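Listed below are the residues making up each chain.
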Amino acid sequence: MEGRGIGVVLISDEDASVIETSSFDTFYSKEESNAFADYVASQKANSIIALVCKDEASEQFTFYFYFY
């Protein structure tokens, strides 16, 4: 994971392989907070998503982030 914020690993539910990784600087940007909410909401049901927080991630959390 590069930078601060929330790191995401999307994991295959078939063989536990890593499908993709992403990061969202939710400390710096409300847009990144909304992008994170969109990313999570766009995954199929039963997706395996691992999250990690580096530094402080909640500074720019938005209403959309909490209630999407």
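For the structure itself, consult the block above.
Let's talk about the sheet that holds strand 1 (residues 5-11)
- If you walk across this open sheet you meet the three strands as 2-1-3, and the pairing is antiparallel. On the outer flanks of this sheet lie strand 2 (18-24) and strand 3 (48-54), each paired with one strand and no other. In this sheet, adjacent strand axes meet at a mean angle of 15° when their direction is disregarded.
- When strand 1 meets strand 2, the two strands line up antiparallel, connected through six bridges.

Structural notes on the nonpolar core
- With eight residues, the main nonpolar core is built from Ile6, Val8, Leu10, Phe24, Phe36, Tyr39, Ala57 and Phe65.
- Looking at this core, the elements that each hand over two or more residues are strand 1 and helix 1 (30-41).
- The element contributing the most residues to this core is strand 1, with three residues.
- If we skip the residues at most four places from it in the chain, Val8 touches Glu20, Thr21, Ser22, Phe24, Phe36, Tyr39, Ile49, Ala50 and Leu51.

Basis of the calculations
- Residues numbered from 1 in each chain as written.
- Predicted model: local features only at pLDDT ≥ 70, side-chain atom pairs only at ≥ 80, totals over all residues.
- Heavy atoms only, no water.
- Pairing = 2+ DSSP bridges.
- Helix = DSSP H or I, 4+ residues; strand = E, 2+ residues; numbered from the N terminus.
- Axes fitted to C-alpha atoms, helices over the stretch in contact; angles between N-to-C directions.
- Core = buried A, V, L, I, M, F, W, Y, C linked by side-chain atoms within 4.5 Å.
- Buried < 20%, exposed > 50% of the residue type's maximum accessible area, 1.4 Å probe, protein only.
- Contact = heavy atoms within 4.5 Å.

This is a description of form; function is not addressed.
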